[in-house]
Number of protein chains: 2
Amino acid sequence: MRIPILKLKQYLLVTIQWELDDQTAMQFQEDILKRIHETEAKGIVIDLTSVDIIDSYIAKVIGDVVSMSNLMGAKVVLTGIQPAVAITLIDLGIHLDDVPTALDLEKGLEKLQQELGE
Amino acid sequence: MRIPILKLKQYLLVTIQWELDDQTAMQFQEDILKRIHETEAKGIVIDLTSVDIIDSYIAKVIGDVVSMSNLMGAKVVLTGIQPAVAITLIDLGIHLDDVPTALDLEKGLEKLQQELGE
């Protein structure tokens, strides 16, 4: 099981439409970093609209993906964070303070363009 | 297993990144028609870049999805058809003559905008 990663211009789009298990999450982390390198992507939108619950491990992986992508020069915008997921993230002490967020994929792309000053 | 469907503006983007089995293909057909109805999408890009081989059943499902989507008022562009897939489609007598195609997702979106006169 791999999470599909779409390339659109200089952006990568990811939509997570089912619960991530630990192995899929690690595979996703590896895949996205590889794709950033291959495609020289400047920005990534990760859409979590269909994720209803999240555990501490998955939350950490997502936080790590954001930090690692930033290190590699790609800005990440998270979109579609559900109420229960927001509660879990804060309860777990994962604040993602510097991570731009938006309501949906489309607004995420707009935000990304803003962040990148385009 | 479901194929993720992304909504971007009035378009739906689908990327098929693994071999489809029969059940996933049928589920995909059902999901995409439901999403067209829900989102009032005007166009769909189905990206087959990662599909290396295709059998007659899957080819038929994809052909059907194109026809059904057109009936519902959404234009479909197929992108990233690999040489082996093109060969199989023609060998099977599935010509998809009226279906616009493009090299990748990005060019597919451009084509869609052209086709819709935007």
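Residues numbered from 1 in each chain as written. Chains lettered and ligands numbered in written order. Predicted model: local features only at pLDDT ≥ 70, side-chain atom pairs only at ≥ 80, totals over all residues. Heavy atoms only, no water.

Identification of chain A as STAS domain-containing protein from Bacillus suaedaesalsae is taken from an unreviewed UniProt entry.

1. A short note on the nonpolar core
For soluble globular proteins, nonpolar side chains are generally found buried alongside one another. The condition that has to hold: For the purposes of this section, nonpolar cores are sets of buried Ala, Val, Leu, Ile, Met, Phe, Trp, Tyr and Cys residues that join through side-chain atoms within 4.5 Å. Categorising residues by exposure relies on relative accessible area from a 1.4 Å probe, with only protein chains included: less than 20% of the type maximum marks a residue as buried, more than 50% marks it as exposed, and the intermediate range marks it as partly exposed. The contact definition used throughout considers only heavy atoms, calling two residues in contact when any of these lie within 4.5 Å.
Counting 62 residues, the largest nonpolar core has Ile32 and Ile46 of chain A together with Ile32 and Ile46 of chain B as the members making the most contacts within it. Sequence-distant contacts of isoleucine 46 of chain B, defined by excluding residues within four places in its chain, comprise Val14, Ile16, Phe28, Val65, Val76, Val77, Leu78 and Thr79 of chain B. Listed in part, the 20 residues of the second largest apolar core include Leu105 of chain A together with Leu13, Leu105 and Leu112 of chain B.

2. Some remarks on the packing of helix 1 (residues 22–39) of chain A against helix 2 (residues 56–71) of chain A
All names here are of chain A. This is how it is decided: Under this scheme, a helix contributes an axis fitted over its contacting stretch, all axes are lines through C-alpha atoms, and angles between N-to-C directions fall in the 0 to 180 degree range. Each helix is a run of H or I in the DSSP string that is no shorter than four residues. Each strand is a run of E no shorter than two, and both are numbered from the N terminus. Just so you know how the angles are binned, under 35 degrees is roughly parallel, over 145 roughly antiparallel, 65 to 115 roughly perpendicular, and the rest oblique. Each residue gets one of three labels, nonpolar for Ala, Val, Leu, Ile, Met, Phe, Trp, Tyr, Cys and Pro, charged for Asp, Glu, Lys and Arg, and polar for the others, Gly among them.
Their axes nearest at 10 Å, the elements helix 1 and helix 2 cross at an angle of 5°. On the basis of the axis angle, helix 1 is roughly parallel to helix 2. Contacts between helix 1 and helix 2 involve Asp22, Ala25, Met26, Phe28, Gln29, Ile32, Leu33 and Ile36 from the first element and Tyr57, Ile58, Val61, Asp64, Val65, Met68 and Ser69 from the second. The residue inventory of the contact of helix 1 with helix 2, partitioned by class, reads 11 nonpolar, two polar and two charged.

3. So, the relation of the copies chain B and chain A
This is how it is decided: For the least-squares superposition of copies, only C-alpha atoms count, and only for residues with pLDDT at least 70 in both.
Mapping chain B onto chain A is achieved by rotating through 180° and translating by 0.0 Å along the same axis, at an RMSD of 0.0 Å. Expressed as a symmetry operation, the mapping of one chain copy onto the other fits a two-fold axis. Within chain B, proline 4 of chain B has its C-alpha nearest the rotation axis, a separation of 3.9 Å.

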